[in-house]
Amino acid sequence: MSSNRQAASASPWRAPVLFAILAILFVLEGTVRNGMFSGSWNTSLAILNMGLISAITALGVNMQWGYAGLFNTGVVGFLAIGGLAPVLVSLPPVEGAWSAGGPRLILSLLVGLGTLALAKIVYARTRRAWSVALVLLVGLVAYRWLFDPAVTAIEANDSARTGNIGGLGLPVLLSWLVGGAFAAAAAWAVGKVALGLRSDYLAIATLGIGEIIVAVLRNEDWLARGVKNVAAIPRPVPYETDLQQNPAFADFAARWGFGVAEASGIWVKLCYMSLFLVVLLAIILLAQLALNSPWGRMMRAIRDNETAAEAMGKDVTARHLQIFVLGSAVIGIAGAMMITLDGLMAPTSFNPLRYTFLIWVMVIVGGSGNNWGSVLGAVLIWFLWIKAEVWGPNLIGVLVGPLPDGDIKAHLLGSAPHMRFIAMGLVLLLVLRFAPRGLVPEK
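Residues numbered from 1 in each chain as written. Predicted model: local features only at pLDDT ≥ 70, side-chain atom pairs only at ≥ 80, totals over all residues. Heavy atoms only, no water.

*Asks:* Tell me about the nonpolar core, and name the residues and values.
*Replies:* One finds I56, L280, M337, M345 and F350 to be the most contacted residues of the largest nonpolar core, which totals 114 residues. Viewed by domain, this core spans two of them, domain 1 (14-92 + 167-434) and domain 2 (93-166), each represented by three or more residues. Apart from residues no more than four positions distant in its own chain, M345 is found in contact with A80, G83, L84, V87, L217, A224, N229, V230, I339 and F350. (Core = buried A, V, L, I, M, F, W, Y, C linked by side-chain atoms within 4.5 Å. Buried < 20%, exposed > 50% of the residue type's maximum accessible area, 1.4 Å probe, protein only. Domains from an automatic or database assignment. Contact = heavy atoms within 4.5 Å.)

*Asks:* Before we move on, can you summarise helix α6 (residues 129-156) with the specific residues and values?
*Replies:* Its 28 residues give α6 an end-to-end C-alpha distance of 40 Å, which sits within 8% of 40 Å, the value for a rise of 1.5 Å per residue. Its buried side turned inward, α6 meets α5 (97-126) and α9 (221-224). Taken from the residues just after α6, D158 is the one with a positive phi, measuring 50°. (Helix = DSSP H or I, 4+ residues; strand = E, 2+ residues; numbered from the N terminus. Expected span 1.5 Å × (residues − 1).)

*Asks:* Hey, could you go over the packing of helix α2 (residues 14-31) against helix α17 (residues 371-399) for me, with residue numbers and the actual values?
*Replies:* Think of two packed helices as two axes; the pair is described by the angle between the axes and how far apart they sit. Taken N-terminus to C-terminus, the directions of α2 and α17 make an angle of 30°; their axes are 11 Å apart at the nearest point. One finds that α2 runs roughly parallel with respect to α17. Read as a crossing pair, α2 and α17 show a hand that is left-handed. Residues L18, F19, L22, L25, F26 and E29 of α2 lie in contact with α17, whose contacting residues are W372, V375, L376, V379, L380, F383 and K387. (Axes fitted to C-alpha atoms, helices over the stretch in contact; angles between N-to-C directions. Parallel < 35°, antiparallel > 145°, perpendicular 65-115°, else oblique. Left-handed = near helix turned anticlockwise from the far one by under 90°.)

*Asks:* Explain the packing of aromatic side chains to me, using residue names and the numbers behind them.
*Replies:* The tally for this structure, following the rule as stated, stands at 18 aromatic pairs. Taking the centre distance of 4.8 Å and the plane angle of 90° together, the rings of F71 and W360 count as edge-to-face. Separated by 289 residues along the polypeptide, F71 in the loop between α3 (41-68) and α4 (75-89) and W360 in helix α16 (residues 352-366) bring together distant segments of the chain. A relative accessible area of 7% means that W360 is categorised as buried. Taken together, F26, F37, F383 and W391 form an aromatic cluster joined through their ring pairs. (Phe/Tyr/Trp six-rings, centres within 6.5 Å; stacked < 30°, edge-to-face > 60°.)

*Asks:* Lay out the packing of helix α7 (residues 172-194) against helix α15 (residues 316-342) in plain terms, naming residues and giving numbers.
*Replies:* Between α7 and α15, the shortest axis-to-axis distance is 7 Å and the interhelical angle comes to 145°. Considering how the two elements wind past one another, α7 and α15 form a crossing that is right-handed. Contacts between α7 and α15 involve V172, S175, W176, G179, G180, A183, A184, A187, W188, V190, G191 and K192 from the first element and L321, F324, V325, S328, A329, G332, I333, A336, M337 and T340 from the second. Looking at the contact of α7 with α15, its residues break down into 14 nonpolar, seven polar and one charged. (Nonpolar A, V, L, I, M, F, W, Y, C, P; charged D, E, K, R; others polar.)

Laid out in structure tokens, this is it:
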């Protein structure tokens with residue numbers, strides 16, 4: 001009853017006012033220099049760009065949870081597999097890698113997929129576990145016979161500088177769509193196995209699958225160099241050094257009162273922001289159209305009462321698979337965008353705290369089931385996550401000021417950067433207490 005009253009009493013001005021307050025925070029970050037704000041537009045825009053990518057990720061999670069009630073705790077895995085796309089699509093081919101083991105590698109992957117397809121056909125016709133096991137065993141032997149020598153040859157090819165298969169040299173913007181396709185394919189495979197589970201078991205399964213995906217990227221050097229990382233991901237925007245060497249840009253920066261180095265950083269971040277906004281708004285438009293369509297009403301009906309939806313003839317498992325794939329595709333696009341922004345593919349940087357649970361905090365704080373709420377929550381939480389690392393030491397410094405110098409004071413000051421974890425927990429508790437449906441609740 002209280003949640004209904006909250007939704008009914010939510011002012012139509014709530015979302016615009018909250019977005020305006022959020023915009024003011026970014027303006028203060030760019031213009032005011034004190035203990036709370038940096039006074040740097042480069043810093044403000046850098047936070048905003050990562051906030052926009054987080055917003056796209058939150059939209060994907062909101063589709064799964066807010067539309068269908070699917071509890072996906074493997075977000076980090078779908079982000080990581082989406083981030084693989086810029087490496088395989090936009091980087092130039094590695095000289096000698098394809099000839100060393102490329103055809104054999106492709107053949108091994110085809111054998112692996114063929115084995116799975118054949119096992120499914122055999123099981124459908126015979127319903128005998130031993131025959132399926134025999135097909136899988138023979139297929140595994142054939143797969144490893146082809147795969148292992150190919151990987152060894154590729155990783156031995158100029159291992160100090162490359163040691164991976166390389167890319168196709170295509171435009172990096174194309175890799176964003178491919179990243180979504182990679183994540184969607186992985187989600188389809190995961191969903192065929194896990195979506196029959198109850199919600200709590202689905203959460204456990206997706207958590208493990210997300211970690212498996214990240215572990216594969218860390219250990220398969222032929223794919224993206226593993227822990228050795230892949231740098232120099234191509235950009236869809238200009239490089240700062242090119243802008244700084246352009247006399248016309250130097251004159252432009254001087255007219256606005258900026259140094260050429262600062263102006264080049266701002267310009268590049270504005271270019272990224274424009275691209276990210278286009279993608280974000282396009283996804284929101286499509287998501288809103290889908291949510292307000294008969295399909296969207298069906299998904300919410302399934303979310304609210306699966307038993308009743310099944311009684312009405314709806315294929316709940318198929319619809320769950322559909323929304324799981326769509327949401328994961330959006331997450332994969334965000335992963336490809338993030339790697340493009342960073343210019344670096346570092347599998348060791350994918351950790352569940354940042355790329356799963358913080359995303360869930362964003363969705364819950366913003367308002368699950370509401371696309372604009374997810375965007376608001378994502379950008380707000382990311383801003384607070386970054387600034388808490390600065391504000392935490394300042395707050396702790398004020399609180400421990402009266403204490404005498406010693407081990408306790410030094411320990412508290414040294415632990416101050418971890419205030420961000422306390423801050424996120426406090427924000428989540430306050431929102432759940434005073435706005436349990438989020439800052440911008442579902443209509």
